Amino acid sequence: ETGVTQTPRHLVMGMTNKKSLKCEQHLGHNAMYWYKQSAKKPLELMFVYNFKEQTENNSVPSRFSPECPNSSHLFLHLHTLQPEDSALYLCASSQGTSGGLDTQYFGPGTRLTVL
Amino acid sequence: DAKTTQPPSMDCAEGRAANLPCNHSTISGNEYVYWYRQIHSQGPQYIIHGLKNNETNEMASLIITEDRKSSTLILPHATLRDTAVYYCIVRVPINYGQNFVFGPGTRLSVLP
């Protein structure tokens, strides 16, 4: 238990569906992250939010839309996804984004399958 | 690209020490070395991090060479539950700052 929760843990969706992934951290952190991990590939950073402001969009397609209403919650809105978007989506949080404050704590992930 | 290189896989006998090496020859003076591990299909788990000095916690020890160009993660008494992919990470510049880049890591297999 890392203090970072993600829901749902598993999601199956069609290419025309709209769904959202939710992440919540109970650590009092100020930065939150979305990562994507495809099969047999390293984690890829998608988005970074620091104090609710997006500070990084790592060339992610617009069919992925993040939302950070406050420092404790992070959403990833999904629409018109492709089968190649099937992956493990991981959320993480850290106290800050520099020096020794950026130890990231990860949630368990959402396993997404796009049919 | 990750700023670290690690062997793709290693084996270790249960109960023995597991020593996982990492090269980071381009590390800057103010960059920390982080270690995480990922057990199959779970989120990465933080293990330890350090800047210059050796570090130890309840999970592992981190030995950083004096020139900081390499480090070793030591699991003192490996168990079957330590079988995982271990990632050595140094922060790299991204568009609006710096962040972690996960490489392929080392797949550690602890054998009975």
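Just so it is clear, the model here is predicted, and its values are computed rather than measured.

**Q** What am I meant to see in the interface of chain A and chain B here?
**A** The figure often quoted for interface size is the accessible area lost as the parts come together. On the side of chain B, 21 residues touch chain A, which itself brings 24 residues to the contact. Counting the surface lost from both chain A and chain B, the interface buries some 1700 Å², and carbon and sulfur atoms represent 51% of this. Applying the counting rule to chain A against chain B returns zero salt bridges. Grouping the amino acids of the side of chain A that touches chain B by side-chain chemistry returns eleven nonpolar, ten polar and three charged.

**Q** Please explain the sheet that holds strand β7 (residues 70-75) of chain B as it appears in this structure.
**A** Adjacent strands of a sheet form backbone hydrogen bonds with each other and so pair up, either parallel or antiparallel. Residue and element names in this part refer to chain B. Ordered by their spatial adjacency, four strands build an open sheet running β2-β7-β6-β5, and the pairing between neighbours is antiparallel. In the strand order of this sheet, the two ends are held by β2 (18-23) and β5 (55-56), each with one partner. Sheet analysis places β5 next to strand β6 (residues 61-64), joined by two bridges and oriented antiparallel. Bridging from a neighbouring strand, Glu-55 pairs with Leu-62 of β6.

**Q** Can you walk me through the sheet that holds strand β3 (residues 33-38) of chain B in this structure?
**A** Residues and elements named next belong to chain B. Reading across the sheet, the five strands line up as β1-β11-β8-β3-β4 and stay open at both edges, with mixed pairing between neighbours. What marks the edges here is a single partner per strand, and that holds for β1 (9-13) and β4 (45-50). Neighbour-to-neighbour, the strand axes of this sheet turn through a mean angle of 25°, independent of strand direction. With five bridges joining them, β3 and β4 adopt antiparallel strand pairing. By the bridge assignment, Arg-37 is partnered in β4 with Gln-45.

**Q** What am I meant to see in the nonpolar core here?
**A** Counting residues in hydrophobic clusters, the biggest one holds 22 residues, and the most contacted among them are A:Trp34, A:Phe64, A:Leu76 and A:Leu78. Residue contacts for A:Leu76: discarding those within four places in its chain leaves A:Lys19, A:Ser20, A:Leu21, A:Trp34, A:Met46, A:Phe47, A:Phe64, A:Ser65, A:Pro66 and A:Tyr89. Residues B:Trp35, B:Leu73, B:Ala84 and B:Leu108 belong to the second largest nonpolar core, which totals 21 residues.

**Q** I'm lost on the pairing of strand β5 (residues 44-50) of chain A in this one. Help?
**A** A regular strand places its side chains on the two faces of the sheet in alternate fashion. Residue and element names in this part refer to chain A. In terms of burial, β5 is largely enclosed, as six of its seven residues are buried. Note that strand β4 (residues 31-37) and β5 share six bridges and pair antiparallel. Among the inter-strand pairings, Lys-36 is bridged to a residue of β5, identified as Glu-44. If you look at the hairpin formed by β4 and β5, you'll find six residues sitting between the two strands, and Lys-40 has a positive phi there, around 60°. Where β5 and strand β6 (residues 53-57) come together, four bridges link them in antiparallel fashion. Paired with Phe-47 across the strands is Asn-57, a residue of β6. Hairpin connection between β5 and β6: a loop of two residues separates the two successive antiparallel strands, and Phe-51 in this loop has a positive phi of roughly 50°.

What counts and what doesn't
Residues numbered from 1 in each chain as written. Chains lettered and ligands numbered in written order. Predicted model: local features only at pLDDT ≥ 70, side-chain atom pairs only at ≥ 80, totals over all residues. Heavy atoms only, no water. Contact = heavy atoms within 4.5 Å. Buried area = accessible area lost by both parts, 1.4 Å probe. Salt bridge = Lys/Arg side-chain N within 4 Å of Asp/Glu carboxyl O. Nonpolar A, V, L, I, M, F, W, Y, C, P; charged D, E, K, R; others polar. Pairing = 2+ DSSP bridges. Helix = DSSP H or I, 4+ residues; strand = E, 2+ residues; numbered from the N terminus. Axes fitted to C-alpha atoms, helices over the stretch in contact; angles between N-to-C directions. Core = buried A, V, L, I, M, F, W, Y, C linked by side-chain atoms within 4.5 Å. Buried < 20%, exposed > 50% of the residue type's maximum accessible area, 1.4 Å probe, protein only.

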